[in-house]
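Commentary on secondary and tertiary structure
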Amino acid sequence: MSSAEETNADQVAFWNGQGGQTWVKRQHHTDTTLTPVNEALLAFAGAQPGERVLDVGCGCGAVTLDLARAVGPEGRVTGLDISGPMLAEGAARAAAAGIANVDWREADAASVELDEFDLLTSAFGVMFFGDPVAAFSHMRAAASPDARMALVCWRPLAENPWIEVPMSAVTPHLPPRSKGAPNSPGMFGFAGPDHVTGILTAAGWTAPKFEPLDVALDIAAGNGLDAAVEQSTQIGAVNSWLRGQPDEVAAASVASIRAALEPYADGDHVRLPGAMWLISSTPA
Ligand SMILES: C[S@@+](CC[C@H](N)C(=O)[O-])C[C@H]1O[C@@H](n2cnc3c(N)ncnc32)[C@H](O)[C@@H]1O
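Let me sum up the structure you'll find in this document.

How each quantity is defined
Residues numbered from 1 in each chain as written. Predicted model: local features only at pLDDT ≥ 70, side-chain atom pairs only at ≥ 80, totals over all residues. Heavy atoms only, no water. Buried < 20%, exposed > 50% of the residue type's maximum accessible area, 1.4 Å probe, protein only. Helix = DSSP H or I, 4+ residues; strand = E, 2+ residues; numbered from the N terminus. Contact = heavy atoms within 4.5 Å. Salt bridge = Lys/Arg side-chain N within 4 Å of Asp/Glu carboxyl O. Phe/Tyr/Trp six-rings, centres within 6.5 Å; stacked < 30°, edge-to-face > 60°. Lys NZ or Arg CZ within 6 Å of the ring centre and 35° of its normal.

To continue, consider helix α7 (residues 161-170). Of all ten residues making up α7, eight are buried, and the element is well covered by its neighbours. The set of residues buried in α7 consists of Pro161, Trp162, Ile163, Val165, Pro166, Met167, Ala169 and Val170. Residues of α7 that are buried make contact with β5 (143-154), β6 (209-218), α9 (225-234), α10 (237-242), α11 (247-261) and β8 (269-281).

This brings us to the pattern of salt bridges. For side chains bearing opposite charge, pairing can occur when the charged atoms are close. Evaluated as defined, the whole model comprises eleven salt bridges. With a closest N to O distance of 3.4 Å, Arg26 and Glu230 form a salt bridge. In this pair, Arg26 sits in the loop between α2 (18-25) and α3 (27-45) while Glu230 sits in helix α9, placing the two residues 204 residues apart along the sequence. The network of salt bridges with common partners includes Arg52, Glu116 and Asp118.

What follows is about the packing of aromatic side chains. Evaluation of the coordinates by the stated rule reveals eight aromatic pairs. Consider the rings of Trp154 and Trp162, whose centres lie 4.9 Å apart with planes at 40°: the pair is tilted. Trp162 matches Trp154 in its accessibility class, with the two residues each being buried. Note on Phe210 and Trp277: the rings are 5.6 Å apart at their centroids and 70° apart in plane angle, and the pair reads as edge-to-face. Remark: Trp277 occurs in strand β8 and Phe210 occurs in strand β6; sequence separation between them is 67 residues. Residue classification places Phe210 among the partly exposed residues on the basis of a relative accessible area of 23%. For Trp277, a relative accessible area of 15% translates into the label buried. What links up through ring pairs into an aromatic cluster is the set Phe14, Trp15, Trp23 and Phe128. Sitting above the plane of the Trp277 ring, Arg155 keeps its charged end 5.2 Å from the centroid. In this structure, Arg177 packs its charged tip against the face of Trp241, placed 5.6 Å from the ring centre.

Printed below as a string of structure tokens:
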């Protein structure tokens, strides 16, 4: 198996296993934290009535459902993801909201059979590809001639205290974390503009534009400090780092996260800076 295939297989296992289940369980909290980001992406993407949208790595569908509303009954959205449980959650939410113009498709962005689309969107769903040039080339082949792309991705860890603060808090308690090669697939895989430009231009897209998006993220989702601590340990890098640690190490880590987040608590909110790129491009 090539390293790209191995990465993709690991991703399928993670997003269909405990990782995906946790995202489903915490979907309401996560969507609340990310509401300002999702709104910014929607405005940036500017989906129009009647358009055909491909939403990549759509997860539980927070942005997908808003895109479906924006394109209206004459338009269609394909919500593409490798996670069965997250897609099922998205489909259930669509049904509950009476939204019928979404095709929920469980497949890999690099190999899925695609219909032509006018707009490619993704909220934090494109940085995990084992072979990103192959995936973006594949999607480029289905783009209409005047299609556009609108993505939101994290800038580097150091610019994202909402996750850097909890990670620093647990560092003294845990064995050193393998950092991975720079630009390797993962949460911060699209943090570097030169790296992203290299991928997209090699895949047949124009050199992308990068617009910084800075948002104070309420990681408590309005539910107080304990909820912020819980979210920090359940989702993302701290969660994978804590997995398999003895109870006393986990307890000490949680106490340190609580102490580190306390200064940011403001009533029921715990807001820390989040730094992202809004990335746009078109077929070259
Ligand atoms: C961080 S989650 C974001 C989910 C959603 N867009 C949101 O903002 O809540 C990343 C998503 O990308 C999906 N994903 C990862 N690799 C993928 C691939 N090769 N093709 C399609 N989706 C993929 C995962 O299953 C997961 O749902």
